[in-house]
Amino acid sequence: MVTETYIEKNRKYSLGTYASFPLVLESGKGCLVTDAEGKEYLDFVAGIAVNLLGHGHEKLTRAISEQAGQLMHCSNLYLNRVTIDYMEKLLEASGFDKAFFCNSGTESIEAALKLARRWAGERGKKGRDIIALTDSFHGRTFGALSATGQDKYQAPFRPLLPGIRFAEANNPESLESLVDDDCCAIILEPVQGEGGVRPLSADFIRKADELRKQHDILLIFDEVQCGFGRTGKLFTWEHFGVKPDILCMAKGIAGGFPMGGILVLERAAAFKAGDHAATFGGNPLACAAASVILSELMDNGLLENSAAAGRYLGEKLEELKKKHSSIIELRGMSLMRGIVLESGSAEIISSCMEHGLLLVRAGGEVVRMVPPLIVTGDEIDRAVSILDTVLDRKR
Ligand SMILES: *Cc1c(COP(=O)(O)O)cnc(C)c1O
């Protein structure tokens, strides 16, 4: 069997950093993917909240192949129209002033952390410390890892970047007690993803905003997972009415093409030429893909579909929770949902996979659903029904 052969080859050749599911995927269309044995799955993982248009989307694949033949990469030594046009559209849609592009989420965090310190220096502030939160996840490079408030990710790699302090998520007093003149920024995920799909409270975000004003520091929102329509608005800060100085993005930005970046308000735009760079950052191929995502979101109803599908998914999960006492809590927003189980989330996910539904864990016993934003009501019904069956069987 192809699957067994490739599981074995992967075991032999890869560095083994991923605990991958025993599944070899070959192709996809819409919200469905097909494995090497020809079995079909409903994809409620979407490459970890990445494939916003699902798989094999015609406009996206056409834009990528046409741009690949036109100009794939030229470095930032030169300008190109695709990148600049995309920047213009994204800034207009998001209400930010400046943009910088890179290739991943963790790189977007590095850019934000460096910018915060650069900004503090420019402003003549002595503070260089950055406040991050418990249960956060910001990525795997040293800077982002240093801001990730989870021991399991940090412990094997210490010592880490100095000058990062951790406030307790959703505890405004804890945040207030940590901010002082030695700080230059607060970084947070409006909805904590890997930490267990936990939305921050409006009170907590309001406190962060207050502290920014009181202490003249920057507010950085990591919207790598919750951005680009995932919570029914272009960015999640819009739900809270608190606009960050720096917004980090990646995952869904280009629908599966690797890309990341930051959006910045004028007051925080402290980088000078030569301060920061990425060779591939915002290359025309990535920006051609990202342009399709943005126009689908803003002009072709994807944002509306995401919001409507997200509400529907929420209702269906509420019904499911009433039926199953093994569901302790529902978390998240819109199309970013966490189902907190008493125990056995790994087995539940494996069983769902056998029944043709892909799901992924977040944090402890949290089953996460982050489907493509094109997901339909029928597909949501099917996914919830599979989960229902699997939970029934376990009881
Ligand atoms: C996935 C993720 C990152 C890291 O992104 P990579 O592209 O894997 O480097 C950072 N922040 C959040 C909130 C994420 O979900």
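Residues numbered from 1 in each chain as written. Predicted model: local features only at pLDDT ≥ 70, side-chain atom pairs only at ≥ 80, totals over all residues. Heavy atoms only, no water.

**Considering the pattern of salt bridges**
Counted under the stated rule, the structure contains 25 salt bridges. Put simply, lysine 316 and glutamate 319 hold a salt bridge, and the shortest N to O gap is 3.7 Å. With a gap of three residues between them, lysine 316 and glutamate 319 both fall in helix H12 (residues 302-323), about one helical turn apart. A relative accessible area of 19% places lysine 316 in the buried class. A relative accessible area of 47% means that glutamate 319 is categorised as partly exposed. A cluster of three or more residues bridged by salt bridges with shared partners is formed by Arg123, Asp209, Arg212, Lys213, Asp216, Asp245 and Arg267. (Salt bridge = Lys/Arg side-chain N within 4 Å of Asp/Glu carboxyl O. Helix = DSSP H or I, 4+ residues; strand = E, 2+ residues; numbered from the N terminus. Buried < 20%, exposed > 50% of the residue type's maximum accessible area, 1.4 Å probe, protein only.)

**Section: the environment of alanine 46**
When you line up the elements, alanine 46 lands in helix H2 (residues 46-49). Remark: the alpha-carbon pair of alanine 46 and valine 375, spanning 329 residues in sequence, is separated by 11 Å. Non-local contacts of alanine 46, meaning those with residues more than four positions away in its chain, are made with Asn51, Val370, Pro371 and Pro372. (Contact = heavy atoms within 4.5 Å.)

**Here's the deal with the sheet that holds strand S10 (residues 218-222)**
Ordered by their spatial adjacency, seven strands build an open sheet running S4-S12-S11-S10-S7-S5-S6, and the pairing between neighbours is mixed. Of all the strands in the sheet, the pair left with one neighbour each is strand S4 (98-102) and strand S6 (164-167). Mean inter-strand twist for the sheet, computed between neighbouring axes without regard to direction, equals 20 degrees. Direction of pairing for S10 relative to strand S11 (residues 246-249): parallel, over a ladder of three bridges. Along S11, the bridge assignment pairs phenylalanine 221 with leucine 247. Helix H4 (residues 81-94) contacts S4, S11 and strand S12 (260-264) of the sheet and is inclined by roughly 125 degrees relative to S4. (Pairing = 2+ DSSP bridges. Axes fitted to C-alpha atoms, helices over the stretch in contact; angles between N-to-C directions.)

**Details of the site of the ligand**
Every residue lining the ligand is accounted for by Ser104, Gly105, Thr106, Phe137, His138, Gly139, Glu189, Asp222, Val224, Gln225 and Lys251. A distance of 2.8 Å separates an oxygen atom of the ligand from a polar backbone atom of threonine 106. Here a nitrogen atom of the ligand sits 2.7 Å away from a polar atom, N or O, in the side chain of aspartate 222. When isolated, the ligand has an accessible area of 380 Å², and the protein chains bury 81% of it. Among the residues making up the shell around the ligand, the classes are represented as two nonpolar, six polar and three charged. (Near = heavy atom within 4 Å. Polar contact = N/O pair within 3.5 Å; in protein donor to acceptor, adjacent residues only side chain to side chain. Areas by Shrake-Rupley, 256 points an atom, 1.4 Å probe, with all protein chains shown as cover. Nonpolar A, V, L, I, M, F, W, Y, C, P; charged D, E, K, R; others polar.)

**So, the sheet that holds strand S16 (residues 360-362)**
The strand order across the open sheet built from four strands is S13-S14-S17-S16, with neighbouring strands paired in antiparallel fashion. Edge positions in the sheet fall to strand S13 (327-333) and S16, since each has one partner strand and no second. Taking each pair of neighbouring strands and ignoring which way they run, the sheet shows an average axis angle of 30 degrees. Two strands pair when backbone bridges link them, and strand S14 (residues 336-341) and strand S17 (residues 366-369) are joined in this way by four bridges, in the antiparallel orientation. Pairing of glycine 338 across the sheet is with arginine 368, part of S17. Of the strands in this sheet, S13, S14 and S17 touch H12, which is tilted by about 175 degrees from S13. Here helix H13 (residues 345-354) sits on the sheet and contacts S14, S16 and S17; the angle it forms with S16, its principal contact strand, is near 160 degrees.

**Some points on the packing of aromatic side chains**
In total, this model carries four aromatic pairs according to the counting rule given. Taking the centre distance of 5.0 Å and the plane angle of 70 degrees together, the rings of phenylalanine 228 and phenylalanine 235 count as edge-to-face. Each of the two residues, phenylalanine 228 as well as phenylalanine 235, counts as buried. (Phe/Tyr/Trp six-rings, centres within 6.5 Å; stacked < 30°, edge-to-face > 60°.)

**Details of the pairing of S17**
Of the two faces of S17, the one holding Val366 and Arg368 and the one holding Val367 and Met369 are both buried throughout. Bridging between S16 and S17 involves three bridges; their strand directions are antiparallel. Bridge pairing links arginine 361 to valine 367 in S17. As consecutive antiparallel partners, S16 and S17 are separated by three residues, and within that stretch glycine 363 has a phi angle of approximately 60 degrees, a positive value.

**Let's talk about the pairing of strand S5 (residues 129-133)**
On any regular strand, side chains alternate: one points to one face of the sheet, the next to the other face. Burial analysis of S5 places five of its five residues in the buried class, which makes it a mostly covered element. Bridge count for S5 against strand S7 (residues 183-188) is three bridges, and the pairing is parallel. Of the residues in S7, the one forming a bridge with isoleucine 131 is isoleucine 186. The pairing of S5 with S6 spans four bridges and is classified as parallel. Each residue of the ladder has a partner; that of isoleucine 131, found in S6, is arginine 165.

**Some words on the layout of surface pockets**
Estimated volume of the second largest pocket: approximately 370 Å³. Along the walls of the second largest pocket sit 17 residues, with Lys98, Ala99, Phe100, Ala269 and Phe271 positioned nearest its centre. Among the elements of the structure, H4, S4 and S12 are those that each provide at least two residues to the lining of the second largest pocket. No other element matches the three residues that S4 contributes to the lining of the second largest pocket. Tallied by class, residues from the lining of the second largest pocket come to 11 nonpolar, two polar and four charged. (1 Å grid on protein atoms, 1.4 Å probe; cavity = no way out; pocket = protein on both sides within 12 Å on 5 of 7 lines; lining within 4 Å. Points joined across faces, edges and corners; volume = space filled by probe spheres on them.)

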